[in-house]
Amino acid sequence: MTHLVAFTLGRRPIRVRAPDAATAGAIASLVPGYAGSANGADPDDVRVERDPSGAWLARFPEGDARFETLDDLLEALEYLLTLRLLASATDRVHLHAAGAVVNGRAVLALGPSGSGKSSLALHWSLSGYPVLGDDIVMADETGLVHPFKRLFSVHRARLAACGLGSGRPADGSADVEDEAWFDPATRAGWAEPAPVGVVAMVRFVDHGQLSVGRLSRPTALAALTAGAMPSGAGGSQAFETALRLTASASTLALTFGKAEEAALALARAVTPPA
Amino acid sequence: VTTTGHPDAMPLPRVRDDVILRPLDDDWVAYDPQTQQLHVLNPTAALVWVHCTGEFTRSAVIAAFREAYGDRVAEDQLVRDINAAVAEFRRLGLFV
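A few points on the structure. (Residues numbered from 1 in each chain as written. Chains lettered and ligands numbered in written order. Predicted model: local features only at pLDDT ≥ 70, side-chain atom pairs only at ≥ 80, totals over all residues. Heavy atoms only, no water.)

It is worth spelling out the packing of helix α5 (residues 217–226) of chain A against helix α6 (residues 235–247) of chain A at this point. All names here are of chain A. In the contact formed by α5 and α6, the axes pass within 9 Å of each other and the chain directions differ by 140°. When the interaxial angle is binned, α5 and α6 end up oblique. Taken as a pair, α5 and α6 cross one another with a handedness that is right-handed. Along its contact with α5, which presents Arg217, Ala220, Leu221, Leu224 and Thr225, the element α6 presents Phe239, Ala242, Leu243, Leu245, Thr246 and Ala247. (Axes fitted to C-alpha atoms, helices over the stretch in contact; angles between N-to-C directions. Helix = DSSP H or I, 4+ residues; strand = E, 2+ residues; numbered from the N terminus. Parallel < 35°, antiparallel > 145°, perpendicular 65-115°, else oblique. Left-handed = near helix turned anticlockwise from the far one by under 90°. Contact = heavy atoms within 4.5 Å.)

This is the structure in structure tokens:
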């Protein structure tokens, strides 16, 4: 008996067929924020099987892929589900940003890879703020920011520093650079859609002091527009949406060495709506 | 850019229809969807922009400027500012 897992963000669920309940549970846990059941007779998007040698086969409409271990399969599926979920919400602008909601307003952190977005999102969640995402958030035409409920990928060492896990992979290896998943639902959860209160360009500097300055609104607008991902609405819609997001937001530039300190500083910068 | 002795010698060029101009605080921003570039315009440049329809001359910009800001800037300086803005718009490929 096979087990169907469906992931729904847009109108049509993404359907993954698993060979057993345990595998279905593992697949559902990849993107739990969108996992559920599905009805109807739509074709499966992915069908997972095991071959006689014990390897895992993922059958896509485009072809098959073979994985030696369940971990390898899950890693590939997580990536695929992320892409397909984003592709099911092309009416929204997808932004490279971390975010949380404080006092009913969103704080967005923008910056390139390595700028500390995931660490900020982790500390927002651990501090009790519902989060919008650690790397991707979505914005609609009205200027509301929606969460993209993908698990956070965080260095094991950072999780261990926060009292989460041992800092070592489950297989006991000493690769502390390895990353692990953090599910915000286990803490303050995912945020409801919210208008933006703060847009900040962030930059992590090893052992750096916390520094908060003003960022010109056009610079913040340019960063938001440039941060629109090709998977979502782009061009003039991305610009108009970014303009709405920045219109009533405080715009800041923030350099930090300690993510916990920076996360709280940004949360305090959000003022409640009038 | 040719600077003529008379501000009405020829109409200003026409900006592309797909470029979006929006106010932002004290400035204006123009978004070019072709290059995905954002350009910040000061109020004078924005005033020039809205007159770049292929119909208005520099005199129309000067009259609009006078209406908004009075006589605080001399006409020859205004003509230089207008020409500088037009040259920059042209350099950025914002004209038809």
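This part is about the layout of surface pockets. For the second largest pocket, the calculated volume is near 150 Å³. Its residues placed into classes, the lining of the second largest pocket shows seven nonpolar, five polar and no charged. (1 Å grid on protein atoms, 1.4 Å probe; cavity = no way out; pocket = protein on both sides within 12 Å on 5 of 7 lines; lining within 4 Å. Points joined across faces, edges and corners; volume = space filled by probe spheres on them. Nonpolar A, V, L, I, M, F, W, Y, C, P; charged D, E, K, R; others polar.)

Right, let's talk about the packing of aromatic side chains for a bit. Counted under the stated rule, the structure contains eight aromatic pairs over all chains. Between the aromatic rings of Tyr34 of chain A and Phe148 of chain A, the centroid separation amounts to 6.0 Å while the plane-to-plane angle is 40°, which identifies the pairing as tilted. A residue pair is termed long-range when its members are at least 10 positions apart, and Tyr34 of chain A in the loop between α1 (21–28) and β3 (35–36) and Phe148 of chain A in the loop between β12 (145–147) and β13 (152–155) qualify at 114 residues. With a relative accessible area of 7%, Tyr34 of chain A lands in the buried category. Residue Phe148 of chain A is classed as buried on the basis of its relative accessible area, which comes to 2%. Between the aromatic rings of Phe239 of chain A and Tyr31 of chain B, the centroid separation amounts to 4.8 Å while the plane-to-plane angle is 5°, which identifies the pairing as stacked. In this pair, Phe239 of chain A sits in helix α6 while Tyr31 of chain B sits in strand β2 (residues 27–32), so the two residues belong to two different chains. With relative accessibility at 2%, the residue Tyr31 of chain B sits in the buried group. Members of the aromatic cluster, joined through ring pairs, are Phe152, Phe182 and Trp190 of chain A. (Phe/Tyr/Trp six-rings, centres within 6.5 Å; stacked < 30°, edge-to-face > 60°. Buried < 20%, exposed > 50% of the residue type's maximum accessible area, 1.4 Å probe, protein only.)

A few words on the environment of Ala109 of chain A. Residue and element names in this part refer to chain A. For Ala109, the location among the structural elements is in strand β9 (residues 105–110). Between the C-alpha atoms of Ala109 and Leu254, which are 145 residues apart in sequence, the distance is 9.1 Å. Leaving out residues up to four positions away in the same chain, Ala109 has contacts with Ala97, Ala98, Lys117, Leu120, Trp124, Ala200 and Val202.

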